[in-house]
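Here are the chains, one letter per residue:
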Amino acid sequence: MTKNFVEELQWRGMVHDVMPGAEEHLMEEMRSAYVGIDPTADSLHIGHLVGVMMLRHFQLAGHKPYALVGGATGMIGDPSGKSAERNLLDEKTLRHNEEALKEQLGRFLDFESGEPNAAVLVNNYDWMKNFSFLEFIRDVGKHITVNYMMAKDSVKKRLSSDAKEGMSFTEFTYQLVQGYDFLYLYQNHDCTLQMGGSDQWGNITTGTELIRRIGGGKGFALTCPLITKADGTKFGKTEGGNVWLDAERTSPYKFYQYWLNTSDEDAEKYIKIFTFLSKKEIENLVAEHKEAPHMRSLQKKLAEEVTVMVHSQEDLDNAIKASNILFGKSTSEDLKQLNEKTFLDVFDGVPQATVGKEELEPGLDMIGALAAKTGFLASNGEARRELKQNSISVNKEKVKEDYLITASDLINNKFVLLQRGKKNYFVLVVE
């Protein structure tokens, strides 16, 4: 093996716990490891990215990664870190989600090359669906004591007097089902390592215990710290919910902005976890950032790297262009290149008014556009004053009082951007 996988993760701050002997085990020859991914949606979100990055580093180190879509476990729901049960999915939805996730994972992992360490996607529903309840409790359940299961943190928390709700038997058995996955992959795919977030340690070690008791072998566990933000708010969440990898759910512009807006402290941590930049490159970036923090070079590099990795260079270029519309010099041409979703994302929260398309046929006069028809400015008098002072722009270009807004000004056949001075924007929606 040329690369030390555990060492690589350690300097990146991606190791929380690792079972003794795992590092030596991985240095001996090509090994197989897996990370479980919950298929509750047809897209990954950035909360999944750490596990995906671990699999990618694993493959880059010459090993074989398995991405396990938890079709069966997704039907039950993992109690770790949750305070309530989740909705259960039917098989058709699960299969649709599995296909969508494989496509996204293909951007990070090599599934297709035919190399010995090409990645494999498996779904635990495929081996769990034919297991009868009686077989499961006889063949798996009898090997693990209730005392062992009760000692796990994920169970203890839910059974403590602080917990609002108890824990159903279904959720209690979750660690056995996840443990069996590890045993199955060990027996059928020679998979000797399971990786996940630090809240998964209890479930993973139940798997290593089953491998020891039933398989007579040795499995290893490696977990990464749960990603947090310095200000205590939840990583990967915005007011609008999750930050998704699917461009339809979270536009590349919003995705880029999420990373761009990280704090200095978080950016220094995230650039190690969410990019493949080398130690030297990162050390240089951190030093450069410390000399001129106001330039936000760390955040810019982080946002660029992750956006290109998840989307594309073209999406990054468009996201930067869109960002410059609010904060930099840009033209009506730049505005007209934005698609509707990005336009609405850029001007999210900017006041709007709707006018009918017929108003634009003769041309909408500026006084009407600024005051009478929209209420952007308080009065016709104020509108005249601002126009005289040359502080009004239509689609980023200065206009006088005699300007008429027509259909040729429309962005995406629908919007006109009005602006007073540098910072005051108003969107005219034409329907």
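Residues numbered from 1 in each chain as written. Predicted model: local features only at pLDDT ≥ 70, side-chain atom pairs only at ≥ 80, totals over all residues. Heavy atoms only, no water.

As named in an unreviewed UniProt entry, the protein chain is Tyrosine--tRNA ligase, taken from Flagellimonas profundi. Its UniProt record gives the protein chain a comment under Sequence similarities (unreviewed entry), which states: "Belongs to the class-I aminoacyl-tRNA synthetase family. TyrS type 1 subfamily." Taken verbatim from the UniProt record of the protein chain, the Subunit (unreviewed entry) comment is "Homodimer." (UniProt positions renumbered as here; feature names shortened; annotations may be inferred.)

Now, about the layout of surface pockets: what can you tell me, with residues and values included?
Counted as a void, the second largest pocket has a volume near 550 Å³. Lining the second largest pocket are 23 residues, with Lys237, Thr238, Glu239, Lys254 and Tyr258 positioned closest to its centre. The set of elements that each furnish at least two residues to the lining of the second largest pocket consists of β7 (237-238), α13 (252-260) and α19 (340-346). Ranked by the residues each element gives to the lining of the second largest pocket, the list is headed by α13, at four residues. For the lining of the second largest pocket, the class distribution of residues is four nonpolar, nine polar and ten charged. (1 Å grid on protein atoms, 1.4 Å probe; cavity = no way out; pocket = protein on both sides within 12 Å on 5 of 7 lines; lining within 4 Å. Points joined across faces, edges and corners; volume = space filled by probe spheres on them. Helix = DSSP H or I, 4+ residues; strand = E, 2+ residues; numbered from the N terminus. Nonpolar A, V, L, I, M, F, W, Y, C, P; charged D, E, K, R; others polar.)

Describe the side chain of Ser251, with residues and values.
Looking at where Ser251 falls in the secondary structure, it is placed in the loop between β8 (241-242) and α13. Looking at Ser251, the relative accessible area reads 2%, which means it is buried. Residues in contact with Ser251, not counting those within four places in the same chain, are Lys341 and Asp345. (Buried < 20%, exposed > 50% of the residue type's maximum accessible area, 1.4 Å probe, protein only. Contact = heavy atoms within 4.5 Å.)

Which residues make up the nonpolar core, and what are the values?
Counting residues in each nonpolar core, the largest one holds 88 residues, and the members touching the most others are Phe5, Ile46, Leu193, Met195, Trp259, Phe274 and Val306. Core analysis: the second largest hydrophobic core is formed by 23 residues, Leu360, Ile367, Ala383 and Val394 among them. (Core = buried A, V, L, I, M, F, W, Y, C linked by side-chain atoms within 4.5 Å.)

Lay out the sheet that holds strand β4 (residues 120-123) in plain terms, naming residues and giving numbers.
The six strands are arranged β1-β6-β5-β2-β3-β4 in an open sheet whose pairing can be described as mixed. Each having just a single partner strand, β1 (17-18) and β4 make up the two edges of the open sheet. The pairing of strand β5 (residues 191-197) with strand β6 (residues 220-224) spans five bridges and is classified as parallel. Looking at β6, one finds that Gly196 is bridged to Thr223. In the packing of helix α11 (residues 174-189) onto the sheet, contacts are made with β2 (32-37), β3 (64-69), β4, β5 and β6, and the angle to β5 comes to roughly 145°. Against the sheet, helix α12 (residues 201-213) makes contact with β1, β5 and β6, and its axis sits at roughly 170° relative to β6, the strand it touches most. (Pairing = 2+ DSSP bridges. Axes fitted to C-alpha atoms, helices over the stretch in contact; angles between N-to-C directions.)

Could you give an account of the packing of aromatic side chains, naming the residues involved and the relevant values?
Tallied over the full model, the rule gives 20 aromatic pairs. Ring plane angle 50° and centroid distance 4.9 Å describe the contact between Phe343 and Phe347, whose orientation is recorded as tilted. By relative accessible area, Phe347 is classed as buried at 3%. The structure contains a cluster of three or more aromatic residues connected by ring pairs, namely Phe235, Phe255, Tyr258, Trp259, Tyr270 and Phe274. The ring of Phe111 carries Lys102 above its face, with NZ or CZ at 5.2 Å from the centroid. Sitting over the face of the ring of Phe220, Lys218 holds its NZ or CZ atom 5.0 Å from the ring centroid. (Phe/Tyr/Trp six-rings, centres within 6.5 Å; stacked < 30°, edge-to-face > 60°. Lys NZ or Arg CZ within 6 Å of the ring centre and 35° of its normal.)

Explain the environment of Leu360 to me, using residue names and the numbers behind them.
Note on placement: Leu360 falls in the loop between β9 (352-355) and β10 (364-365). C-alpha separation for the pair Leu360 and Val430, spaced 70 residues apart in sequence, amounts to 8.7 Å. Once you skip the residues sitting within four places of it in the chain, Leu360 turns out to touch Ile405, Thr406, Ala407, Leu410 and Val430.

I'd like to hear about unusual backbone geometry, residue by residue, with values.
Positive phi is not limited to glycine here, since Asp190 has a value of about 55°. Take Asp190: it is sitting in the loop between α11 and β5. Under the relative-accessibility criterion, Asp190 is labelled exposed at 54%. Despite not being glycine, Asn412 shows a phi value in the positive range, around 55°.

Account for helix α17 (residues 313-327), naming residues and giving values.
Over its 15 residues, α17 runs 21 Å from end to end, which matches the ideal 21 Å to within 8%, given 1.5 Å per residue. Contacts made by the buried residues of α17 are with α13, α16 (297-310), α18 (332-336), α19 and β15 (424-430). (Expected span 1.5 Å × (residues − 1).)

Requested: an account of the pairing of β9, with residues and values cited.
Side-chain direction in a regular strand flips from residue to residue, so the side chains alternate between the two faces of the sheet. Every second residue of β9 is oriented toward a common face, the buried set being Ala353 and Val355 and the non-buried set Gln352 and Thr354. Sheet topology note: the β9/β15 ladder contains four bridges and is parallel. The residue bridging Ala353 from the neighbouring strand is Leu428, located in β15.

Tell me about the sheet that holds strand β12 (residues 397-398), and please be specific about residues and values.
Spatially, the five strands line up as an open sheet ordered β9-β15-β14-β11-β12, and their pairing is mixed. Looking at strand neighbours, the two that pair on one side only are β9 and β12, the edges of this open sheet.

Outline a nonpolar patch on the surface, listing residues and values.
Residues Phe133, Leu134, Ile137 and Phe169 make up a contiguous nonpolar surface patch of about 450 Å² in total accessible area. Tallying contributions element by element places helix α7 (residues 133-139) first for the nonpolar patch, with three residues. Checked against the element boundaries, Ile137 lands in helix α7. By relative accessible area, which is 38% here, Ile137 ends up partly exposed. (Patch = residues over 30% accessible without salt bridge, like charges linked within 9 Å, V, L, I, M, F, W, Y side chains within 5 Å. Areas by Shrake-Rupley, 256 points an atom, 1.4 Å probe, with all protein chains shown as cover. Salt bridge = Lys/Arg side-chain N within 4 Å of Asp/Glu carboxyl O.)

Can you explain the pattern of salt bridges? Please cite residues and give values.
As enumerated under the stated definition, the model contains 20 salt bridges in all. A salt bridge links Glu171 to Arg158, with the shortest nitrogen-to-oxygen separation between them at 2.8 Å. Residue Glu171 is found in helix α10 (residues 169-172), and its partner Arg158 is found in helix α9 (residues 153-159); the two are separated by 13 residues along the sequence. The residues Glu171 and Arg158 share a single accessibility class, namely buried. Put simply, Glu268 and Lys290 hold a salt bridge, and the shortest N to O gap is 3.5 Å. In this pair, Glu268 is assigned in helix α14 (residues 264-273) and Lys290 in helix α15 (residues 279-291), connecting sequence segments 22 residues apart. In the salt-bridge network here, residues are joined through shared partners; they are Glu91, Arg95, Glu98 and Asp126.

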